[in-house]
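Observations on chain architecture
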Amino acid sequence: MTKVKKDKGIKEEEAGATETVGTEKSYQELIANINPIANPLATKKLSKKLYKCVKKASKLKQIRRGVKEVQKFINKGETGIVVLAGDTLPIDVYCHLPVMCEDRSLPYAYIPSKVDLGSSAGSKRPTCVIMIKSHEDYKEAYDECFEEVSALPKPL
């Protein structure tokens, strides 16, 4: 009897793995759902780099997550890369943050999915804004992302 239960558990796990792969959206599908203010939008390659940098920073507790926390630390003068999710609705929730970033000359970029941003930060909950702070352990990845995000064209 126990062997049968184990076999069923394995089959269910395999079925679950195939379902999660099937529900993952491509970059083009995610771009279709972004806000009109999501500019500058990170490319597919830059988005992956930013997700990896967020993942490294979250392991070392070097991120600020959420509109309230990011806004507070921008006002306090903290520096870093601000990553905003392009599919957040309503826009009024975080439309003031790009202006704050430009005033303090912080680089910022939009990525297509708040779900992916939240999961890369090690959370099951989607998040619309994350600030990545610099740290010695992932300095190369951070600097590369910083340069590429700074090079993105700013909106008029």
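Just so it is clear, the structure is predicted and the values come from calculations on it, not from any experiment.

Quick notes on the rules
- All residue numbers refer to positions counted from 1 along the written sequence of the respective chain.
- Whole-chain, interface and lining totals are the exception, using all residues; otherwise, since this is a predicted model, local features are given only for residues with pLDDT of at least 70 and side-chain atom pairs are given and counted only at 80 or more.
- Calculated side-chain values reflect all of the structure's heavy atoms, with hydrogen atoms and water omitted.
- Buried means the residue's accessible area, taken with a 1.4 Å probe over protein chains only, is under 20% of the maximum for its type, while exposed means over 50%, and partly exposed covers the values in between.
- Put simply, DSSP H or I for four residues or longer makes a helix, DSSP E for two residues or longer makes a strand, and each gets a number counted from the N terminus.
- Whether two strands pair depends on DSSP finding at least two bridges between them.
- A cavity here means a set of 1 Å grid points, computed over protein atoms only, where a 1.4 Å probe fits but cannot escape. A pocket is an open set with protein on both sides within 12 Å along at least 5 of 7 lines, and lining residues have an atom within 4 Å of a point.
- Grid points are joined across faces, edges and corners, and a volume is the space filled by probe spheres set on the points.
- Note on residue categories: nonpolar means Ala, Val, Leu, Ile, Met, Phe, Trp, Tyr, Cys or Pro, charged means Asp, Glu, Lys or Arg, and polar means any other residue, Gly included.
- Residues enter a nonpolar core if they are buried and are Ala, Val, Leu, Ile, Met, Phe, Trp, Tyr or Cys, with the set joined through side-chain atoms within 4.5 Å.
- Every residue pair with non-hydrogen atoms within 4.5 Å of one another is taken to be in contact.
- Note on geometry: axes are C-alpha line fits, over the in-contact stretch for helices, and angles between N-to-C directions span 0 to 180 degrees.
- Two rings belonging to Phe, Tyr or Trp (six-membered ring only in the last case) form a pair when the distance between their centres is within 6.5 Å. Interplanar angles under 30 degrees mark stacking, angles over 60 mark edge-to-face geometry, and anything in between is tilted.
- Each residue carries a pLDDT value, the predictor's own confidence for that position, ranging from 0 to 100.

**Points about the pairing of strand E4 (residues 129–132)**
The alternating pattern of E4 places Val129 and Met131 on one face and Ile130 and Ile132 on the opposite face, and all of these are buried. In this structure, strand E1 (residues 63–65) lies alongside E4, joined through three bridges in antiparallel fashion. Opposite Arg64, over in E4, you have Met131 as the bridge partner. As judged from the four bridges shared by strand E2 (residues 81–85) and E4, these two strands associate in the antiparallel manner. Its bridge partner being in E4, Val82 is matched across the sheet by Met131.

**What about the layout of surface pockets?**
Put simply, the largest pocket is a space of about 620 Å³. Taken together, 21 residues form the lining of the largest pocket, with Glu24, Lys25, Leu30, Tyr51 and Asp116 sitting closest to its centre. Residue assignment for the lining of the largest pocket shows that the elements contributing at least two residues are helix H1 (2–23), helix H2 (27–31), helix H3 (44–59) and helix H6 (114–120). Tallying contributions element by element places H3 first for the lining of the largest pocket, with six residues. Across the lining of the largest pocket, the residue classes tally to five nonpolar, eight polar and eight charged.

**Some words on the nonpolar core**
With 38 residues, the main nonpolar core has Leu50, Ile74, Val82, Val129 and Ile132 as its most contacted residues. Among the elements that make up this core, the one with the highest residue count is H3 (six residues). Each residue touching Ile132, except ones within four places of it in the same chain, is listed here: Leu50, Cys53, Val54, Ala57, Gln62, Ile63, Gly80, Ile81, Val83, Tyr138 and Tyr142.

**Things to note about the sheet that holds E4**
The mixed open sheet is built from four strands, whose spatial order is E1-E4-E2-E3. Lying at the two open borders of the sheet, with one neighbouring strand each, are E1 and strand E3 (108–111). Within this sheet the neighbouring strands show an average axis-to-axis angle of 20 degrees, counted without direction. This element, helix H7 (residues 139–151), spans E2, E3 and E4 of the sheet and lies at about 65 degrees to E2.

**Comments concerning the side chain of Ser47**
Examined against the element boundaries, Ser47 turns out to sit in helix H3. Setting aside residues up to four positions removed in sequence, Ser47 forms contacts with Tyr27, Ala42, Ile111 and Pro112.

**So, the packing of aromatic side chains**
What the rule picks out here adds up to three aromatic pairs. Taking the centre distance of 6.2 Å and the plane angle of 80 degrees together, the rings of Tyr94 and Tyr110 count as edge-to-face. Separated by 16 residues along the polypeptide, Tyr94 in the loop between E2 and helix H5 (97–103) and Tyr110 in strand E3 bring together distant segments of the chain. Judged on exposure class, the residue Tyr94 and its partner Tyr110 are both buried. When the centroid spacing of 6.0 Å and the interplanar angle of 35 degrees are considered together, the rings of Tyr142 and Phe146 count as tilted. With Tyr142 and Phe146 both in helix H7, this residue pair falls four residues apart, about one helical turn.

**Thoughts on the confidence of the model for the protein chain**
When pLDDT is averaged along the protein chain, the result is 84, and 85% of the positions lie at 70 or above. The secondary structure element of the protein chain with the lowest average pLDDT is H1, at 47, and the one with the highest is E4, at 95. Of the regions scoring below 50 in pLDDT, residues 9–22 engages in zero contacts with residues more than four places distant in sequence or in other chains.

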